[in-house]
Amino acid sequence: MRVTVFSTKPYDKAALNRANAASDCQLRFHSSRLSQDTLALADKADAVCVFVNDQLDAKVIAGLAERGVRLIALRCAGFNNVDLVEAGRRGIAVARVPAYSPHAVAEHTMALILALNRKITRAWNRVREGNFELDGLIGFDLHGKTAGIVGTGAIGVVLARILTGFGCRVLAHDLFDNPDCLELGVTYVPVAELLAQSHILSLHCPLTPGTRHLINADTIASMRQGAMLINTSRGALIDTAAAIEGLKSGRIGALGIDVYEEEGDLFFEDLSSQIIPDDVFARLLTFPNVLITGHQAFLTTEALDAIAQMTLANISAFSRSGAPLHPVTAGA
Ligand code: NAD
């Protein structure tokens, strides 16, 4: 299989080359994102290997089909950036890595919760300046607090276990009860009750038309006063403009995000010498109680190796049998 790898970072290349030692794919690495402008890089490829911010809309998929591409191999779990209906219509298979390290994402989520609560970045900045004043650094005990998890799949259940270990009461909302969560003592409640009761609210459901702007002006108004909101799932689960209003009113007491609805124009690039053109994102940066990381929750050695191995396994299975190990189809 000839595979064009888009959005390649040095760590992707290293992990994919390690995993490819056990298979015989011809990997062509490009740092560019897949879009209409970069379609030509997929010339003569049997498959494209893409990540979260590559653009696989109907026009790009049509361009891939014209070039004879037969497989889109996602190096991630989410597939909201792929027009699955168009891929199906064009006979292009889509594969994903459904689970690589739920621990990586759940642990990063916990890092955001702890850092925000105990104001670690503010404290470190002060100490570096020789300022050992503690005023403004007060946190709260996690023990005994209520944490709400929306989406208790692979990542949500690991977070539930971690939060239980901290002595939190864990509430959850999902389309289905996860028996592992029930065994942990997690209580499933309607989303309105979850919002009203949670001191900490963490989002772990996929981005779908039904979950887009799940957190909006109305749902923020029904959150517990001063609650901490965490999103390591997909940016558009939160209406960012509404979250900014929630931060200004104090309804949201702290916001930790690893994903942002317009991240495609920002994340994964070094823009430190440029002016950030996104005023909404720039406003978020001004709040002392907001902590943002640039979609790095997955970024552990274990997760990168697991992603690379499963991606190569998807491609090899497709090459052998015409079907990847973990296909995604419209309506899935
Ligand atoms: P998963 O499929 O195992 O679990 C998702 C859960 O959400 C399922 O239990 C599902 O039933 C539930 N769900 C679906 N629609 C829902 C709704 N409307 N309301 C409540 N629950 C709903 O997925 P996962 O591996 O746990 O990943 C969760 C999300 O995390 C992914 O969709 C992806 O977007 C994101 N993610 C982010 C990173 C990162 O680096 N920041 C890495 C991996 C995954």
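Residues numbered from 1 in each chain as written. Predicted model: local features only at pLDDT ≥ 70, side-chain atom pairs only at ≥ 80, totals over all residues. Heavy atoms only, no water.

Looking up the chain in an unreviewed UniProt entry gives the name 2-hydroxyacid dehydrogenase, with the organism given as Paracoccus aurantius. UniProt, in its Sequence similarities (unreviewed entry) section for the chain, records the words "Belongs to the D-isomer specific 2-hydroxyacid dehydrogenase family." (UniProt positions renumbered as here; feature names shortened; annotations may be inferred.)

Enquirer: What should I look at first to understand the sheet that holds strand 5 (residues 93-95) in this one?
Expert: The sheet built from five strands is open, its strands ordered 2-1-3-4-5 with parallel pairing. Strand pairing shows two members of the sheet lacking a second neighbour, strand 2 (26-29) and strand 5, which therefore form its edges. Along the sheet, successive strands turn relative to each other by an average axial angle of 20 degrees, direction set aside. Where strand 3 (residues 47-50) lies against strand 4 (residues 71-74), four bridges are found, and the strand directions are parallel. The residue of strand 4 that forms the bridge with Ala47 is Leu71. Packed onto the sheet, helix 1 (residues 10-20) meets strand 1 (2-5) and strand 2 and runs at close to 175 degrees relative to strand 2. (Pairing = 2+ DSSP bridges. Helix = DSSP H or I, 4+ residues; strand = E, 2+ residues; numbered from the N terminus. Axes fitted to C-alpha atoms, helices over the stretch in contact; angles between N-to-C directions. Contact = heavy atoms within 4.5 Å.)

Enquirer: What is the right way to read the UniProt feature "domain: D-isomer specific 2-hydroxyacid dehydrogenase NAD-binding" (unreviewed entry) in the chain from this model?
Expert: According to UniProt, the positions carrying the feature "domain: D-isomer specific 2-hydroxyacid dehydrogenase NAD-binding" (unreviewed entry) are residues 110-297. Within the segment residues 110-297, helix and strand shares are 34% and 16% respectively, and the terminal C-alpha atoms sit 10 Å apart.

Enquirer: What is the right way to read the site of the ligand from this model?
Expert: Looking at the ligand, there are 24 residues lining it, with Tyr100, Ala154, Ile155, Asp174 and Thr232 nearest. Within the backbone of Gly153, a nitrogen or oxygen atom sits 3.4 Å from an oxygen atom of the ligand. Contact distances for the ligand include 3.2 Å between an oxygen atom and a backbone N or O atom of Phe298. Here the residues of the shell around the ligand are counted per class, giving twelve nonpolar, nine polar and three charged. (Near = heavy atom within 4 Å. Polar contact = N/O pair within 3.5 Å; in protein donor to acceptor, adjacent residues only side chain to side chain. Nonpolar A, V, L, I, M, F, W, Y, C, P; charged D, E, K, R; others polar.)

Enquirer: How should I be thinking about the packing of aromatic side chains in this particular structure?
Expert: Geometrically, a pair of aromatic rings is defined through the distance of the ring centres and the angle of the planes. Across all of its chains, the model carries four aromatic pairs by this definition. Site record: aromatic cluster; members linked through ring pairs are Phe51, Phe268 and Phe298. (Phe/Tyr/Trp six-rings, centres within 6.5 Å; stacked < 30°, edge-to-face > 60°.)

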